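Fold and contact review
These are the residues of each chain, in order.
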Amino acid sequence: MIIIGEKLNGTIPSMAKAIAGRDEEWIKGIAQKEADAGADFIDVCASVEIGEVETLHWMIDLVQSVTNVPICIDSPSTEVLAKTYQFCKRPGMFNSVSMESKKQIDGIFKIMAENPGWEVIAMLCDDTGIPKSAADRLRVFEAIMEKAKAYGIDPSRIHIDPIIEAAALMDPDREDGPGIAINTKVIRAIRAAYPTIHITSAISNISHGLPARKFMNYAFTALVLEAGLDSGILDPLNEGMLGVIYAAEALLGLDEDGYCMEYIEAYKDGLFGASKK
């Protein structure tokens, strides 16, 4: 699973405080810990009302001073993404685009066409909002892929976010069935059509508003991995989550080395379990 570390995000109160106070050592420390835990990308989100580009530039420089892990630039504004990617020393990821007109997907795909190493998270929503059915989300997906083809963006550079809503708010009578049925339908359809594309999710969205959130997050992760998700925005310092990921991948035959060797090596490396003590 491609792990996108989520902890350098200004929506988290402790990180918002560190950003406001320009606590460089705190931010560098979190970045280093995420890198040491095996994050494949480090998401950097300023979440400030004023000076977002400048704040992201500062945060990106701090991350790059302690690790070479690629950066996932996170902003609701594609204009900000287009300005800040230039601060990265190596190709990373844009988070995110969609078919919403305000997202200006063409601008980001144009940058990607000119910078082959860059990847992108693409959300399955448009100007009508978040589609209420799997069929409608797949229509948005096809529109995104038509854009990607026009710009020569290979599917392997795209991480599709099927949009995970909080389980507590899911309508049991929705068209595609109860629970996460809409998500698993979308994920399976995309995986079947584009074997090399990536499918991602902000894992903790599923448990918003619920008690004991980690158990919901763990169960959700195992289920969507089975459906075909191979990328996730999550806390790489949560050893319980890492244990679930490595165990689920081993059981699903996704352990590339076979014989549960990736699971065993991750345990020996102290990423989860008793060996960390």
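Now for a look at the structure at hand. This structure is a prediction, so every number in the text was calculated from the model and none was measured.

1. Observations concerning the pairing of strand 1 (residues 2–9)
Taken across its eight residues, strand 1 has six buried, putting it largely inside the fold. The sheet contact formed by strand 1 and strand 2 (residues 41–45) spans four bridges and is parallel. Paired with Gly 5 across the two strands is Ile 42, which belongs to strand 2.

2. Here's the deal with the nonpolar core
Membership of the largest hydrophobic core comes to 70 residues, with the highest contact counts inside it found for Leu 8, Val 44, Ile 73, Phe 94, Ile 158 and Ile 160. Here this core takes seven residues from helix 3 (residues 52–64), the largest share from any one element. The residues contacting Val 44, other than those within four sequence positions of it, are Leu 8, Leu 56, Met 59, Ile 60, Val 63, Ile 71, Cys 72, Ile 73 and Asp 74. Membership of the second largest hydrophobic core comes to eight residues, among which are Ile 2, Cys 72, Ile 121 and Ile 233.

3. Quick word on the sheet that holds strand 4 (residues 93–99)
Strand order in the open sheet formed by eight strands is 7-6-5-4-3-2-1-8, with parallel pairing between adjacent strands. The open sheet has two edge strands with one neighbour each: strand 7 (198–199) and strand 8 (231–234). Direction of pairing for strand 4 relative to strand 5 (residues 119–126): parallel, over a ladder of five bridges. Bridging across to strand 5, Met 93 finds its partner in Glu 119.

4. A short note on helix 1 (residues 13–20)
If you check which residues of helix 1 are buried, you get Met 15, Ala 18 and Ile 19. One side of helix 1 carries all its buried residues, which in axial view fall inside an arc of 100 degrees. Seen from the buried face of helix 1, the exposed residues on the opposite side, beyond 90 degrees, are Pro 13, Lys 17 and Ala 20. Summarising the contacts, the buried residues of helix 1 are in contact with strand 1, helix 2 (24–36), strand 2 and helix 3. Downstream of helix 1 by a residue or two, Arg 22 has a phi angle that is positive, lying close to 50 degrees.

Procedures and definitions
Residues numbered from 1 in each chain as written. Predicted model: local features only at pLDDT ≥ 70, side-chain atom pairs only at ≥ 80, totals over all residues. Heavy atoms only, no water. Buried < 20%, exposed > 50% of the residue type's maximum accessible area, 1.4 Å probe, protein only. Helix = DSSP H or I, 4+ residues; strand = E, 2+ residues; numbered from the N terminus. Pairing = 2+ DSSP bridges. Core = buried A, V, L, I, M, F, W, Y, C linked by side-chain atoms within 4.5 Å. Contact = heavy atoms within 4.5 Å. Arc of directions from axis to C-beta.

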